[in-house]
Protein chains: 2
Amino acid sequence: MMKNKAMVLLSGGQDSTTSLFWAKKKFGTVETVSFDYGQRHRVELKSAAKIARLARVKNSVIVIREFESIKNSALLDAKAAVSKKHKLNKKLPATFVPGRNILFLTAAAALAYTKKTVNLVIGVSQVDYSGYPDCRGEFIKSMEKSLSLGMEYPVKIHTPLINLDKKGTVLLAKKLGALDMMKHTHTCYEGKNPPCGKCPACLLREKGFKEAGIRDPLLR
Amino acid sequence: MMKNKAMVLLSGGQDSTTSLFWAKKKFGTVETVSFDYGQRHRVELKSAAKIARLARVKNSVIVIREFESIKNSALLDAKAAVSKKHKLNKKLPATFVPGRNILFLTAAAALAYTKKTVNLVIGVSQVDYSGYPDCRGEFIKSMEKSLSLGMEYPVKIHTPLINLDKKGTVLLAKKLGALDMMKHTHTCYEGKNPPCGKCPACLLREKGFKEAGIRDPLLR
């Protein structure tokens, strides 16, 4: 086991890219892993690959198909409900799968295990977590324990952004000399480049740079 | 949320089938979920579907592709090692992925969430666990907490076989009236029907029935 090796979960966005540069400062050898999980905007994966290349770290892609199966199963239930009760379950957004980070961390830990890497790095924040419970420190702590027990392997999960808001993340990126890399990140929910500037992700990003008093390199 | 609903992880083997019949006694509504994870012997999935049909419960299949990606990544590393150092990492069995149950439980919990089911049932045993750390009670307890925190949803993981050996499982199946269903289960690692009778899985099954003083219905 290598205590000086780390695996960064890299989505290709601002937070994971900042986390990658944090890891590069902290650990001797850094790799990245991205997830092909049927996301609408696969442009994310291209951003991740490009950022990894520019940062001179390896990028592995893990294919995840659970979300599709779960969605299909939920949709089948909904259809059954239609034919039986003539109404559709409207409460369930078809794209929502709870606990996405649980799957991502588990897959990343399994890959890390095969590489004798014990450190995982994930760019979650419990400040700007948009209501996702799997971004909170309490969950991360528990998951670290579950992975360590379940694999009998001393997994350590690092969360450099856990107590930072978007402004704080931008300032950390600046401190790490990673600001320029931000022009290769992908944030827009609409999958647009240049970004749409109107979706919640674009607005949150804009707010972060504005409050940090820094111009977003993506918009130059 | 329905406290009277349960989701059983059904592999199509003896243990998960016994767990299914345990759940049918304990809960009002029971569903099953199986995993298509690239296992060599997909005959397992057919067994699971048949058992679910005979037991009159729904069977969902979740497609999991992580193991393949992780294996491929490990193999790529090994190849790189060959070209660079002219030797292959022989210590890593290509089919081994640590923490399989972590992934299975996470996917099952996400599916259960969409169905407002809080109870998961898994047929792991820490007596006959063959060295897999993700079959131990301590891991299950921790995972229950991680899933509950990560999905903000009160997941409960039931493990009816946790302290039973194979003999105990056979006796439980008898008590539950599930013995006859055992002729539809699949155990053989070689994927053979009738079973090969020589692989470790066949031998363990044989030992269990022998010690329980019951003839295996699969062999009739």
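Residues numbered from 1 in each chain as written. Chains lettered and ligands numbered in written order. Predicted model: local features only at pLDDT ≥ 70, side-chain atom pairs only at ≥ 80, totals over all residues. Heavy atoms only, no water.

Section: the environment of Thr 29 of chain B
All names here are of chain B. Examined against the element boundaries, Thr 29 turns out to sit in strand β2 (residues 29-36). Its relative accessible area of 40% is what places Thr 29 among the partly exposed residues. Separated by 22 residues in sequence, Thr 29 and Met 7 have C-alpha atoms that sit 8.7 Å apart. Setting aside chain neighbours within four positions, we find Thr 29 in contact with Asn 4, Lys 5 and Ala 6. (Helix = DSSP H or I, 4+ residues; strand = E, 2+ residues; numbered from the N terminus. Buried < 20%, exposed > 50% of the residue type's maximum accessible area, 1.4 Å probe, protein only. Contact = heavy atoms within 4.5 Å.)

A short note on the pairing of β2 of chain B
Residue and element names in this part refer to chain B. Of all the eight residues making up β2, seven are buried; the element is thus mostly covered by neighbouring parts of the structure. As judged from the six bridges shared by β2 and strand β3 (residues 58-63), these two strands associate in the parallel manner. Counted as the bridge partner of Phe 35 is Ile 62 from β3. Between the parallel pair β2 and β3, the chain is carried across by helix α2 (residues 43-54), and the sense of this crossover is right-handed. (Pairing = 2+ DSSP bridges. Right-handed = clockwise from strand over helix to strand, strands pointing away.)

With respect to the relation of the copies chain B and chain A
Applying a rotation about an axis and a shift along it to one chain copy brings it onto the other copy. Expressed as a screw transformation, the operator carrying chain B onto chain A has a rotation angle of 180 degrees and an axial translation of 0.0 Å, and the superposed copies differ by an RMSD of 0.0 Å. Read as a symmetry element, the transformation amounts to a two-fold axis. Both copies share a contact surface, since 100% of the interface residues of chain B are interface residues in chain A too. (Least-squares fit on C-alpha atoms with pLDDT ≥ 70 in both.)

Observations regarding the interface of chain B and chain A
Every contact between the two is made by 43 residues of chain B and, on the other side, 43 residues of chain A. Roughly 3,600 Å² of surface becomes buried between chain B and chain A when both sides are summed, with 63% attributable to carbon and sulfur atoms. Of all residues in chain B, the largest losses of buried area upon contact with chain A belong to Ile 70, Pro 98 and Leu 149 of chain B, amounting jointly to 15% of the total for that side. At the junction of chain B and chain A, the tally comes to two salt bridges. Linking Glu 152 of chain A and Arg 136 of chain B is a salt bridge whose minimum nitrogen-to-oxygen distance equals 3.0 Å. Applying the counting rule to chain B against chain A returns 15 residue pairs in polar contact (both at pLDDT 80 or more). (Buried area = accessible area lost by both parts, 1.4 Å probe. Salt bridge = Lys/Arg side-chain N within 4 Å of Asp/Glu carboxyl O. Polar contact = N/O pair within 3.5 Å; in protein donor to acceptor, adjacent residues only side chain to side chain.)

Some words on the pattern of salt bridges
All names here are of chain B. If you walk through the whole model with that rule in mind, you get 22 salt bridges over all chains. For the salt bridge of Asp 180 with Lys 183, the shortest nitrogen-to-oxygen distance reads 3.2 Å. A residue is classified by how much of its surface remains accessible, and Asp 180, at 48% relative accessible area, is partly exposed. The class for Lys 183 is partly exposed, based on a relative accessible area of 38%.

Considerations on the packing of helix α6 (residues 166-175) of chain A against helix α7 (residues 200-212) of chain A
All names here are of chain A. Close contact between α6 and α7 brings their axes to 7 Å; oriented N to C, the two are set at 65 degrees. Every pair of crossing elements has a handedness; the one defined by α6 and α7 is right-handed. Counting all contacts with α6, which are made through Lys 166, Lys 167, Val 170 and Leu 171, the residues of α7 involved are Leu 204, Gly 208, Phe 209, Glu 211 and Ala 212. Class assignment for the residues of the contact of α6 with α7 results in five nonpolar, one polar and three charged. (Axes fitted to C-alpha atoms, helices over the stretch in contact; angles between N-to-C directions. Left-handed = near helix turned anticlockwise from the far one by under 90°. Nonpolar A, V, L, I, M, F, W, Y, C, P; charged D, E, K, R; others polar.)

Side note on the confidence of the model for chain A
Residues and elements named next belong to chain A. Averaged over chain A, the pLDDT score is 88; the fraction of residues at 70 or greater is 88%. The low-confidence segment residues 82-95 (pLDDT under 50) makes 12 contacts with residues lying over four places distant or belonging to another chain. Complex prediction metrics read pTM 0.90 and ipTM 0.90. (pLDDT = per-residue confidence, 0-100.)

Considerations on the pairing of strand β4 (residues 117-121) of chain A
Residues and elements named next belong to chain A. Of all five residues making up β4, five are buried, and the element is well covered by its neighbours. Sheet topology note: the β4/strand β5 (residues 156-158) ladder contains three bridges and is parallel. In the strand pairing of β5, Asn 119 is matched with Lys 156.

Re helix α5 (residues 137-151) of chain A
Turn by turn, an α-helix covers 3.6 residues, leaving residues three or four places apart pointing in a common direction. Taking 1.5 Å of rise per residue, the 15 residues of α5 of chain A would be expected to cover 21 Å, and the 21 Å separating its terminal C-alpha atoms lies within 8% of that figure. Among the residues of α5 of chain A, Phe 139, Ile 140, Ser 142, Met 143, Glu 144, Ser 146, Leu 147, Leu 149, Gly 150 and Met 151 of chain A are the ones counted as buried. Buried residues belonging to α5 of chain A abut α4 (100-114) and β5 of chain A together with α4 (100-114) and α5 (137-151) of chain B. Of the residues flanking the end of α5 of chain A, it is Glu 152 of chain A, one or two places downstream, whose phi is positive at about 50 degrees. (Expected span 1.5 Å × (residues − 1).)

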